[in-house]
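# Fold and geometry: a report
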Amino acid sequence: MPELPEAEIAGRQLHRWLSGQPVERVELLDTAAVRRELSTKPSMAAAKGRDLLNGLLGAAPERPVRHGKRLGWPWGDKALLVHLGMSGKFVQRRIDEERPAFARIGWFRGEHVVWFVDQRRFACVVVVDRADLDAGMRDGHGPDALDEALDGPGLKAALKGKRAIKVALMDQAKLAGIGNIQAAEALFKARIDPRTACSALTDRQWDELARVIPIQLQEVIDGEDAGEIVYMTEGGEVDNPFAVYKREGEECPVCATPIATIEQTGRTTYFCPQCQR
Ligand SMILES: [Zn+2]
């Protein structure tokens with residue numbers, strides 16, 4: 001599922017594929033993909049989404065900026081706020097190639113089209129004024145987990161409380177960009193039990209967690225930057241690039257203990273019961 005690394009990759013792809021020249025035509029295949037505000041609900045569809053997207057075409061798209069899992073994609077004095085939801089991504093195809101499954105929006109230029117693809121329909125774009133873009137991206141969000149990485153004391157202050165550290169790490173209001181996968185992977189790297197209450201973590205553990213979070217995120221970005229994003233939830237044969245995520249029962253890469261799972265706030269947490277205690 002999309003987290004900070006996938007949003008970062010999406011921004012780089014849009015820049016590579018579309019920045020600097022006007023787009024000729026935009027096609028909206030699912031009117032609910034354009035929403036009134038950032039929302040996971042298709043019922044929040046914007047009225048006249050087609051007109052809103054067409055209204056951007058007078059200016060060339062520019063390099064997207066990212067905050068947490070959100071993207072801001074400037075088009076002249078307008079911009080698109082983008083959230084990838086549970087399965088959103090951008091793919092580029094030639095115009096004579098078959099349209100990808102679950103394509104929602106397509107931007108056409110020359111021989112190519114860039115498709116906004118989303119199987120689950122939690123993803124969306126929102127048309128905003130450029131002047132409001134930065135505020136829209138930060139609204140309700142804490143500092144970016146990579147570009148504004150906190151040190152140990154900063155992380156401790158941001159996540160303080162009785163919640164389990166795994167749950168607190170996924171709170172976008174405290175730290176933006178980490179979801180179920182990267183929380184599990186960062187805690188594995190830091191050798192911290194995901195059930196530990198934030199209030200019970202030692203200062204050394206906070207320092208270590210703060211140290212590994214940006215390392216973990218950057219590793220995933222570097223590993224995914226080559227090709228097209230394929231989410232493990234899409235089914236089919238996808239290599240699992242993660243140390244513990246989706247590896248229940250497999251050997252821990254450090255100590256060979258079988259990876260275990262627990263439920264935390266309705267999500268499955270993967271961890272090594274030997275390394276993380
Ligand atoms: Zn282990």
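The structure we're discussing is the one just above.
Rules behind the numbers
Residues numbered from 1 in each chain as written. Predicted model: local features only at pLDDT ≥ 70, side-chain atom pairs only at ≥ 80, totals over all residues. Heavy atoms only, no water. Salt bridge = Lys/Arg side-chain N within 4 Å of Asp/Glu carboxyl O. Helix = DSSP H or I, 4+ residues; strand = E, 2+ residues; numbered from the N terminus. Buried < 20%, exposed > 50% of the residue type's maximum accessible area, 1.4 Å probe, protein only. Pairing = 2+ DSSP bridges. Axes fitted to C-alpha atoms, helices over the stretch in contact; angles between N-to-C directions. Contact = heavy atoms within 4.5 Å. Donors = N, O, S within 2.8 Å, 3.2 Å for Na, K, Ca; no water. Tetrahedral: all angles 85-135°; square planar, octahedral: opposite > 155°, others 65-115°. Arc of directions from axis to C-beta. Polar contact = N/O pair within 3.5 Å; in protein donor to acceptor, adjacent residues only side chain to side chain. Core = buried A, V, L, I, M, F, W, Y, C linked by side-chain atoms within 4.5 Å. Domains from an automatic or database assignment.

### What to know about the pattern of salt bridges
- Here the structure, examined in full by the defined rule, presents 21 salt bridges.
- The residue glutamate 8 makes a salt bridge to arginine 66 at a minimum N-O spacing of 2.8 Å. Highlighted residues: glutamate 8 in helix α1 (residues 4-18) and arginine 66 in strand β2 (residues 65-67), separated in sequence by 58 residues. Arginine 66 shares its class with glutamate 8; the two are buried.
- Salt bridges sharing common partners tie together Glu8, Arg12, Arg66, Asp144 and Asp147.

### Overview of the sheet that holds β2
- If you walk across this open sheet you meet the 4 strands as β2-β3-β4-β8, and the pairing is antiparallel. The sheet is open, and its two borders are formed by β2 and β8 (124-129), each paired with just one other strand. Taken over all neighbouring pairs, the strand axes of this sheet differ in orientation by 25° on average, direction set aside.
- The pairing of strand β4 (residues 78-83) with β8 spans 6 bridges and is antiparallel. Note on β8: the bridge partner recorded for valine 82 is valine 125.
- Running at roughly 20° to strand β3 (residues 70-75), α1 makes contact with β2 and β3 of the sheet.

### Description of the coordination of the zinc ion
- Here the zinc ion is held by Cys252 (SG), Cys255 (SG), Cys272 (SG) and Cys275 (SG), and the distances to it run 2.3 Å.
- If you look at the zinc ion, its 4 donor atoms make angles of 101 to 113° with each other, and the shape they trace is tetrahedral.
- Its relative accessible area of 0% is what places cysteine 272 among the buried residues.

### Observations regarding helix α4 (residues 152-159)
- Looking only at α4, the buried set comprises Gly152, Leu155 and Leu159. Buried residues of α4, seen end-on, are gathered within an arc of 65° and therefore sit on one face of the element.
- Where α4 is buried, its residues touch α5 (165-169) and α7 (203-224).
- One side-chain oxygen of the residue at the start of α4 lies 2.8 Å from the amide nitrogen of glycine 154, identifying that residue as aspartate 151.

### Here's the deal with the nonpolar core
- Ranked by size, the top nonpolar core spans 55 residues in total, and within it Phe90, Ile105, Trp107, Ile165, Leu169, Leu209 and Ile213 carry the most contacts.
- When we break this core down by domain, the ones giving at least three residues each are domain 1 (4-138) and domain 2 (152-271).
- When near neighbours in sequence (up to four residues on either side) are disregarded, isoleucine 165 contacts Leu159, Leu187, Ile192, Asp193, Pro194, Thr196, Cys198, Leu201, Trp206 and Leu209.
- By size, the runner-up hydrophobic cluster in this structure holds 12 residues, among which are Ala184, Val220, Val244 and Ile259.

### Brief notes about the pairing of strand β6 (residues 103-109)
- With 7 of 7 residues buried, β6 is to be regarded as a mostly interior element.
- Alignment of strand β1 (residues 25-28) against β6, held across 4 bridges, turns out to be antiparallel. Its bridge partner being in β6, arginine 25 is matched across the sheet by phenylalanine 108.
- When β6 meets strand β7 (residues 112-117), the two strands line up antiparallel, connected through 6 bridges. Along β7, the bridge assignment pairs glycine 106 with tryptophan 115.
- Linking two consecutive strands that pair antiparallel, namely β6 and β7, is a turn of 2 residues; a positive phi of about 60° is found at glycine 110 within it.

### A closer look at unusual backbone geometry
- With a phi close to 65°, phenylalanine 102 is a non-glycine residue in the positive phi region.
- Along the chain, phenylalanine 102 turns up in the loop between β5 (89-94) and β6.
- The phi dihedral of arginine 121 falls on the positive side, at around 70°, and the residue is not glycine.
- Mapped onto the elements of the fold, arginine 121 is located in the loop between β7 and β8.

### A look at the environment of arginine 94
- With respect to the secondary-structure elements, arginine 94 resides in strand β5.
- Overall, arginine 94 belongs to the partly exposed group, its relative accessible area being 37%.
- With near-sequence residues (within four places) excluded, arginine 94 lies in contact with Glu111, His112 and Val113.
- Of the polar contacts made by the side chain of arginine 94, one reaches the side chain of glutamate 111; its length is 3.4 Å.

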